[in-house]
Amino acid sequence: SSAASDVYKRQAWMTPWFFLQFIVSPVSMVLNVVNRQELAFALQLIGLVIRVLAVLGAARFAPNMLAEVFAVTNAVFYGMYAFVILRIATVERG
């Protein structure tokens, strides 16, 4: 049915977000271990701003794409978070 097809499409949009979150969540403690809590806080704040602005923009200009915009912005955020964590872990290690 059409409703089931929409659900599968939304799941496809969300897959990168969930994958990146699954990878980043356990290793996000690296920032606490290396005493970089202020960076962790800044990243979370940036993530909040990115997601809120994107969702507000989508609500205003593309309300039918709200879920997709939220999924993409979450994937971007967790990709950025993973990049920062890997850089910090590499610098602190070596």
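The sections below set out a description of the structure shown in this document. (Residues numbered from 1 in each chain as written. Predicted model: local features only at pLDDT ≥ 70, side-chain atom pairs only at ≥ 80, totals over all residues. Heavy atoms only, no water.)

**A word on the packing of aromatic side chains**
Note on aromatic pairs: each is described by the distance of the centres and the angle between the planes.
Moving on, step 1. In this structure the tally under the stated criterion is 4 aromatic pairs.
Moving on, step 2. Ring geometry for F77 versus Y78: centroids 4.9 Å apart, planes at 70°, classification edge-to-face.
Moving on, step 3. Both rings, one in F77 and one in Y81, keep their centres 5.5 Å apart while their planes meet at 85°; by these two values the pair is edge-to-face. Of this pair, F77 and Y81 are both found in helix 4 (residues 66-93), 4 residues apart, which corresponds to roughly one turn of the helix.
Moving on, step 4. Relative accessible area serves as the criterion here: at 0%, F77 is assigned to the buried category.
Moving on, step 5. Overall, the relative accessible area of 5% leaves Y81 in the buried class.
Moving on, step 6. Of the aromatic side chains, those joined through ring pairs into one cluster are W17, F18 and F70.
Moving on, step 7. Over the ring of F77 we find R51, and its NZ or CZ is 4.3 Å from the ring centre. (Phe/Tyr/Trp six-rings, centres within 6.5 Å; stacked < 30°, edge-to-face > 60°. Helix = DSSP H or I, 4+ residues; strand = E, 2+ residues; numbered from the N terminus. Buried < 20%, exposed > 50% of the residue type's maximum accessible area, 1.4 Å probe, protein only. Lys NZ or Arg CZ within 6 Å of the ring centre and 35° of its normal.)

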